[in-house]
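Structural overview for review
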Protein chains: 2
Amino acid sequence: MAAIGDVARLAGVSKATASRALTGNGYVAEETRRRVETAAAEIGYIASPDAASLVTGRTKNVGVVIPFVNRWFFGEVLEGIERALLTAGYDLTLYNLSDSGPDRARVFEFFLARKRVDAVIAVGVDLAEHEVAALDRREKPLVCLGGTGGTAARLSVDDRAVGQLATEHLLHLGHTRIAHLAGAGASERPDTVQGLRRHGFLDAMGAAGHDPSPADVVETEMTMPGGYRAALQLLGHPGPRPTAVFAASDELAFGALRAAERLGIAMPAELSVVGVDGHEYAEMFDLTTVEQYPGEQGRSAVGVVLRLLGEGAVADPLPDSGAPLPTRLVVRASTTAAPR
Amino acid sequence: MAAIGDVARLAGVSKATASRALTGNGYVAEETRRRVETAAAEIGYIASPDAASLVTGRTKNVGVVIPFVNRWFFGEVLEGIERALLTAGYDLTLYNLSDSGPDRARVFEFFLARKRVDAVIAVGVDLAEHEVAALDRREKPLVCLGGTGGTAARLSVDDRAVGQLATEHLLHLGHTRIAHLAGAGASERPDTVQGLRRHGFLDAMGAAGHDPSPADVVETEMTMPGGYRAALQLLGHPGPRPTAVFAASDELAFGALRAAERLGIAMPAELSVVGVDGHEYAEMFDLTTVEQYPGEQGRSAVGVVLRLLGEGAVADPLPDSGAPLPTRLVVRASTTAAPR
DNA sequence: TGCCCGACGGGAAACGGTTCCATATTCCAC
DNA sequence: GTGGAATATGGAACCGTTTCCCGTCGGGCA
């Protein structure tokens, strides 16, 4: 396998000059550079990243820790991150962190602590103090996308506002008894995504003078089957039921739609449903939703990381730091005026 | 940052011995090993993987190239791979290869060719000759999961048999006019997943003495909206229509279910639907499907890779090489006897 | 004319490990 | 008692880069 020495010899220069020519660091005469480049191309030389990072300390690799890859939101974020990193010439090392399993410690203490990654993007993970500290100690920049914990750079949607927005949409339509399908743990952990959306819901309801009964707020896994089961429980009893549902994610909302159909509830005449995410299927389901552009979020996170790494040539401007990420209510046929 | 020299000094041994003690290679007295280990723990020593791979040539990292992360099947495979690699102490570098874009060449020639990965797992990608050659030249083991191209180790479902199985299930139920929702490109590329499933469908139909009209086989993107649109086209016209649909994936099938509902077609009385995958939502939709355990497939691929890398301590046995991966027909309420 | 500074290039020292080779001791077999 | 494994350790080379330090060569400026 060709090494830089071979290139140097072929070009008739020293290893030092060859290195300078190829990396673009330091002074090299234009003609020399060309000679080196053709020599490199000729023997198909590719620099060993191991050797390079051994001395520079940079690996051109960022670690991404993410709790799911198969939930739409996360998959979309991951895709955005991947694409952005690739165009910047970075590799992406994936750590699929299943909630605080035994692996979790290993990831932080072993995998991320090794010099393998220049920085870490944590998406939707609630970081413990010591996890952040471990990264900090190794001086690895950390960018969080959603999630909680750590004082690091965090990009985040204003989830309380999202909950409020969705709920107000239903209130404006004249609904008064509105239920909420919340993510698991929403009430115990008020600082999480689920918690904040629930909070926004309660705020909006309170401001409108309503006080949702505890039975109308049900927590479940944020998946379509989760929403299905929860909605069956919410709607599948005799007696009066809510006329609208605010689901904390589109996948939950899809499940609710399916449950309503199963229960023979006319949609949207008897039940309005609003979700959150802007899921690629939302249009097909005619679902009103608060979009949040996860792919874009991923790209933004990469932008911040690159900036933190001092990568100069990054084009897109830093989003106003501190400002929440953009969201937008998209109204479709799943929500309509409350029945009288 | 602590280096192995520091550990050695603290333990009162040479770097060589320290290395042997920590890696477990070569002879080291039990007592010495303990001294080195405590010394390492004391100063929080972690070996630099860069330095190590520089000399050993192995990186403990495998590259995964995958065309989507947000299609259920692929996400599930990815998750399986990730978990298996992590437990084996390997990192996973993700390359989300969007069909033959301009990035594609970069991935193969630049990213994968660098010494960053020990091996490559390609899931569901149709490899070009020169792409395989590039990997081969670098002597990087390549394991394919599905997809086509390359002579490398390939794990694969027998997709023709899958198509046949699903179709025969419908035939046994007495259906005679059966439509097929195929993946895009099924007719042009008979060797791909879509092509093989279509082939299996046609074989089964032919064997039963039926000759599906071209209008009853429609190709579309393998997503739920894709299935929705295609099914609308297939079923949404006046006049007699198929009494059953074999969808090439569960996501397509979900879309078809949704379309049928939209069209007011009674399910399953007027229309039976069968899919492929064993999607996590299949149960909720009462969908009959040919399951194929993608997570397990990912794990198997890792098993093969580790074996190829000479990783001795791999527990699970190599699946009979050559034998197709397991599948299973799961019958649910979406399929029923043909109406008279 | 003399000096300094910028451009350019080479030698050699890192970077942080692993492994080859040599040496030493122990132990067992013949 | 000698030979030869087997065990245990240290010294030094080596992996393939980047970068520091230094020398040379011109050219502009005082």
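By convention here, each chain's residues receive numbers from 1 onward along its written sequence. Chains and ligands are labelled sequentially in the order written, the chains with letters from A and the ligands with numbers from 1. Local features are withheld for residues below a pLDDT of 70 in this predicted model, meaning they are given only at 70 or higher, and side-chain atom pairs are given and counted only at 80 or more; totals for whole chains, interfaces and linings count all residues.

It is worth spelling out the overall build of chain A at this point. Helical segments are the DSSP runs of H or I of at least four residues, strand segments are the runs of E of at least two, and each set is numbered from the N terminus. Scanning chain A for helices and strands turns up 12 helices and 11 strands. In summary, chain A has a C-alpha radius of gyration of 25 Å against a globular reference of 20 Å for 340 residues, an excess of more than 25%. With the principal axes as the frame, chain A shows a C-alpha extent of 90 × 40 × 35 Å. We call a residue exposed when 12 or fewer other C-beta atoms sit within 10 Å of its C-beta, buried when the count reaches 20 or more, and partly exposed for counts in between; the C-beta positions come from the backbone. Here chain A, with 340 residues, has 50% of them falling under the buried criterion. Long-range pairs, those at least 24 residues apart, make up 68% of the contacts in chain A with a sequence separation of at least 6. In this treatment the radius of gyration is a C-alpha quantity, and the globule benchmark scales as 2.2 Å times the residue count to the 0.38 power. Whether two residues are in contact depends on their C-beta atoms, placed from the backbone: they are in contact if these lie within 7 Å.

Working rule for contacts: place C-beta from the backbone, and if it is within 6 Å of a molecule or strand, that residue counts as near it. Around DNA strand C sit 28 residues, and of these Ala16 of chain A together with Ile4, Ala16, Ser19 and Ala51 of chain B come closest. Residue contributions to the surface near DNA strand C peak at 6 residues, all from helix 2 (residues 15–23) of chain B. All amino acids are sorted into three groups, where Ala, Val, Leu, Ile, Met, Phe, Trp, Tyr, Cys and Pro are nonpolar, Asp, Glu, Lys and Arg are charged, and the leftover types, Gly among them, are polar. Considering only residue class, the surface near DNA strand C consists of 17 nonpolar, 8 polar and 3 charged.

This part covers unusual backbone geometry. Residue and element names in this part refer to chain A. Here the bond from Met267 into Pro268 is cis, since omega is -5°, no more than 30 degrees from zero. Within the secondary structure layout, Pro268 lies in the loop between helix 11 (250–263) and strand 9 (272–277). A positive phi angle is found at Tyr293, which is not glycine, with a value near 50°. Within the secondary structure layout, Tyr293 lies in the loop between strand 10 (288–291) and helix 12 (294–308). Classification of Tyr293 as partly exposed rests on a count of 19 C-beta atoms within 10 Å.

Here we come to the protein's contact with DNA strand D. Taken together, 30 residues lie near DNA strand D, and Ile4, Ala16 and Ser19 of chain A together with Ala16 and Thr17 of chain B sit nearest. Contributing elements (two or more residues each) for the surface near DNA strand D: helix 1 (4–11), helix 2 (15–23) and helix 4 (49–56) of chain A together with helix 2 and helix 4 (49–56) of chain B. Looking at the surface near DNA strand D element by element, the count peaks at 6 residues for helix 2 of chain A.

Note: strands within a sheet are paired through backbone hydrogen bonds, in either parallel or antiparallel orientation. Residues and elements named next belong to chain A. When DSSP finds two or more bridges between a pair of strands, those strands are recorded as paired. Strand order in this open sheet of 6 strands is 7-6-8-9-10-11, and the pairing throughout is mixed. Two strands lie at the open edges of the sheet, namely strand 7 (217–220) and strand 11 (328–330), each paired on one side alone. Here the strands of the sheet are splayed against their neighbours by 20° on average, with no regard to which way each runs. Where strand 9 and strand 10 come together, 4 bridges link them in parallel fashion. Bridge pairing links Val276 to Val290 in strand 10. On top of the sheet, helix 10 (residues 224–235) reaches strand 6 (178–183), strand 7 and strand 8 (244–247); it is set at about 150° to strand 7, its chief contact. Lying on the sheet, helix 11 is in contact with strand 6, strand 8, strand 9 and strand 10; it crosses strand 9 at an angle near 155°. Think of each axis as a best-fit line through the C-alpha atoms, taken over the contacting stretch in the case of a helix, with angles from 0 to 180 degrees between the N-to-C directions.

The subject of this paragraph is the interface of chain B and chain A. Contact with chain B, which involves 34 residues of that partner, is made by 34 residues of chain A. Mapped onto the side of chain B that touches chain A, the elements with two or more residues apiece are helix 4, helix 5 (72–87), strand 2 (91–96), helix 6 (102–111) and helix 10 (224–235) of chain B. Counting residues per element, the side of chain B that touches chain A draws most heavily on helix 5 of chain B, which supplies 8 residues. A breakdown of the residues in the side of chain B that touches chain A according to their chemical character gives 17 nonpolar, 6 polar and 11 charged.

Our next topic: the packing of helix 1 of chain A against helix 2 of chain A. All names here are of chain A. It is at 8 Å that the axes of helix 1 and helix 2 come closest, and there the two elements cross at 100°. It follows that helix 1 is roughly perpendicular to helix 2 by the angle criterion. Contacts between helix 1 and helix 2 involve Ile4, Gly5, Val7, Ala8 and Ala11 on the former and, on the latter, Lys15, Thr17, Ala18 and Ser19. Across the contact of helix 1 with helix 2, the residue classes break down as 5 nonpolar, 3 polar and 1 charged. Oblique is the label for every angle not falling under 35 degrees (roughly parallel), over 145 degrees (roughly antiparallel), or within 65 to 115 degrees (roughly perpendicular).

Quick look at the pairing of strand 10 (residues 288–291) of chain B now. Judged from the 3 bridges that link them, strand 10 of chain B and strand 11 (residues 328–330) of chain B form a sheet pairing that is antiparallel. In the sheet register, Val290 of chain B faces strand 11 of chain B, and the bridge partner there is Leu329 of chain B.

The next point concerns the sheet that holds strand 9 (residues 272–277) of chain B. All names here are of chain B. Reading across from one edge, 7-6-8-9-10-11 is the order of the 6 strands in this open sheet, with mixed pairing throughout. In this open sheet, the two strands that pair with only one neighbour each are strand 7 (217–220) and strand 11. When the angles between neighbouring strand axes are averaged without regard to direction, this sheet yields 20°.

Once that is clear, we can look at helix 11 of chain A. Residues and elements named next belong to chain A. What a helix should span is 1.5 Å times the count of its residues minus one. The end-to-end C-alpha distance of helix 11, which contains 14 residues, comes to 20 Å, matching closely the 20 Å that a straight helix rising 1.5 Å per residue would cover. Taken together, the buried positions of helix 11 are Asp250, Glu251, Leu252, Ala253, Phe254, Gly255, Ala256, Leu257, Arg258, Ala259 and Ala260. Among the structural elements, helix 5 (72–87), strand 6, helix 10, strand 8, strand 9 and strand 10 are those in contact with the buried residues of helix 11. Just downstream of helix 11 lies Gly264, where phi reads positive at about 75°.

Segmentation into domains, and thus their bounds, comes from an automatic or database assignment. In terms of domain boundaries, chain A breaks down into domain 1 (4–47), domain 2 (61–157 + 295–308) and domain 3 (159–291). The straight-line distance from the C-alpha centre of domain 1 of chain A to that of domain 3 of chain A is 62 Å.

A word on the relation of the copies chain B and chain A. If you rotate chain B by 180° and push it 0.0 Å along the axis, it lands on chain A with an RMSD of 0.1 Å. The relationship between the two copies is best expressed as a two-fold rotation axis. The share of interface residues of chain B whose copies in chain A are also at the interface is 100%, consistent with both copies meeting through the same surface. When the copies are superposed, the least-squares fit takes in the C-alpha atoms of residues with a pLDDT of at least 70 in both.

Right, let's talk about the environment of Met1 of chain B for a bit. Residues and elements named next belong to chain B. Tracing the sequence through the fold places Met1 in the segment before helix 1 (4–11). On the basis of neighbour counts, which here come to 13 C-beta atoms within 10 Å, the residue Met1 falls in the partly exposed class. Along the primary structure Met1 and Tyr45 are separated by 44 residues, whereas in three dimensions their C-alpha atoms are 8.0 Å apart.

On to helix 9 (residues 193–207) of chain B, then. Residue and element names in this part refer to chain B. Across its 15 residues, helix 9 extends 21 Å between first and last C-alpha, which sits within 8% of the 21 Å expected from 1.5 Å per residue. For helix 9, the secondary structure elements touched by its buried residues are helix 8 (159–172), strand 6 (178–183), strand 7, strand 8 (244–247) and strand 9. Two residues or fewer after helix 9 comes Gly209, characterised by a positive phi angle close to 85°.

Residue and element names in this part refer to chain B. Structurally, the position occupied by Pro141 is in the loop between helix 7 (129–137) and strand 4 (142–145). The class for Pro141 is buried, based on 21 C-beta atoms found within 10 Å. For the pair Pro141 and Leu22, spaced 119 residues apart in sequence, the C-alpha to C-alpha distance is 27 Å. Once residues lying within four places of it in the same chain are set aside, the contact partners of Pro141 are Ala119, Val305, Leu308 and Leu309.

With that settled, the discussion passes to the packing of helix 8 (residues 159–172) of chain A against helix 9 (residues 193–207) of chain A. Residue and element names in this part refer to chain A. Where helix 8 contacts helix 9, the two axes come as close as 7 Å, and the packing angle between them is 40°. Taken as axis vectors, helix 8 and helix 9 run oblique relative to one another. Considering only the axes of helix 8 and helix 9, their crossing is right-handed. Here helix 8 contributes Asp159, Arg160, Ala161, Val162, Gly163, Gln164, Thr167, Glu168 and Leu171 to the contact with helix 9, which in turn contributes Val193, Leu196, Arg197, Arg198, His199, Gly200, Phe201, Asp203, Ala204 and Met205. Here the residues of the contact of helix 8 with helix 9 are counted per class, giving 8 nonpolar, 5 polar and 6 charged. The handedness criterion is simple: a crossing whose near helix is rotated anticlockwise from the far helix by less than a right angle is left-handed, and one whose near helix is rotated clockwise is right-handed.

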